[in-house]
Amino acid sequence: MKLKIQLYILSLWLLFILLFINKVKIPLCFFDCEFVGWKKLLLDNIIPTISIVIVVLGFIFYFRFKYIVSGNKSLPEKVTNIENINWEHLTFLVTYVIPLLSFDLDFNLDEDRNSLMFFLVLIIIGLIYVKTNMFYTNPTLAILGYHIYKISTTKRNNVIFISRDIISENDWIEYKLLSDNIYIANKSKPNEFTRT
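Residues numbered from 1 in each chain as written. Predicted model: local features only at pLDDT ≥ 70, side-chain atom pairs only at ≥ 80, totals over all residues. Heavy atoms only, no water.

Colleague: Whenever I open this one, a nonpolar patch on the surface confuses me. Can you help?
Modeller: There is a patch of nonpolar side chains on the surface, built from Leu116, Met117, Leu120, Ile123, Ile124, Leu127 and Ile128 and spanning about 640 Å² of accessible area. Under the relative-accessibility criterion, Leu120 is labelled partly exposed at 40%. (Patch = residues over 30% accessible without salt bridge, like charges linked within 9 Å, V, L, I, M, F, W, Y side chains within 5 Å. Areas by Shrake-Rupley, 256 points an atom, 1.4 Å probe, with all protein chains shown as cover. Salt bridge = Lys/Arg side-chain N within 4 Å of Asp/Glu carboxyl O. Buried < 20%, exposed > 50% of the residue type's maximum accessible area, 1.4 Å probe, protein only.)

Colleague: How should I be thinking about the nonpolar core in this particular structure?
Modeller: Most often, soluble globular proteins have nonpolar side chains that are buried together. Formed by 31 residues in total, the largest nonpolar core has its most connected members in Leu15, Phe16, Phe65, Leu122 and Leu178. Of all the elements in the fold, those that place two or more residues in this core are α1 (2–11), α2 (13–23), α4 (46–69), α5 (87–100), α6 (114–131), β3 (159–163) and β5 (182–188). A total of 5 residues in this core trace back to one element, the largest contributor, which is α4. Ignoring sequence-local partners within four residues, the contact set of Phe16 consists of Ser51, Ile54, Val55, Phe118 and Leu122. Counting 10 residues, the second largest nonpolar core, distinct from the first, contains Val79, Ile151, Phe161 and Tyr175. (Core = buried A, V, L, I, M, F, W, Y, C linked by side-chain atoms within 4.5 Å. Helix = DSSP H or I, 4+ residues; strand = E, 2+ residues; numbered from the N terminus. Contact = heavy atoms within 4.5 Å.)

Colleague: Please explain the packing of aromatic side chains as it appears in this structure.
Modeller: Aromatic rings in a pair are described by how distant their centres are and how their planes are angled relative to each other. Tallying each qualifying case throughout the model produces 10 aromatic pairs. Between the aromatic rings of Phe65 and Tyr146, the centroid separation amounts to 5.8 Å while the plane-to-plane angle is 65°, which identifies the pairing as edge-to-face. With a gap of 81 residues between them, Phe65 in helix α4 and Tyr146 in the loop between α7 (139–143) and β2 (147–153) connect regions that are remote in the sequence. Summarising the burial analysis for this pair, Phe65 and Tyr146 share the class buried. Residues Phe118 and Phe119 carry aromatic rings whose centres are separated by 5.1 Å and whose planes lie at 85° to one another, so their mutual orientation is edge-to-face. Judged by its relative accessible area of 0%, Phe118 falls in the buried class. Ring pairing ties together the aromatic residues Tyr62, Phe63, Phe65 and Tyr146, which thus form one cluster. (Phe/Tyr/Trp six-rings, centres within 6.5 Å; stacked < 30°, edge-to-face > 60°.)

Laid out in structure tokens, this is it:
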């Protein structure tokens, strides 16, 4: 559950980078300039500050994910059937992330509730993302070079695999369970005990 939440936050990495670029307010001055002060700078940039914090958390969670998936893996198994389902990254991005950019985020709760609605929608999407086990549809992982496959092996049928490798039919893979029939996989070479 913890890993799923962290991968959800990582999946929003692009959204918060775009929000930062869209909302950051840096006072520009060329002559007779004075620093406006940290308090005013932070109050004018609440959304960009939150965005930077979430982007940094995303980096931390990505390195934690890499550490988790680097552990012990299964014995090699031969891929008997494979379907590339990388399009699911794009579905998540277009369906959930891009529409969230249309919120008018001024973070002034006295005048409107758009900021509150934005964060409530993020929480609701996160609950759905985690409960329906869709954490593998992660556009950030796609940018970082991960692929999604539906694979059948000599021991498993139609299971979701996430991999940095390009996997084809008849390749051998080692894998590690992430959650409920979703695995992280790497190409491997069969040894004499697993060759069939």
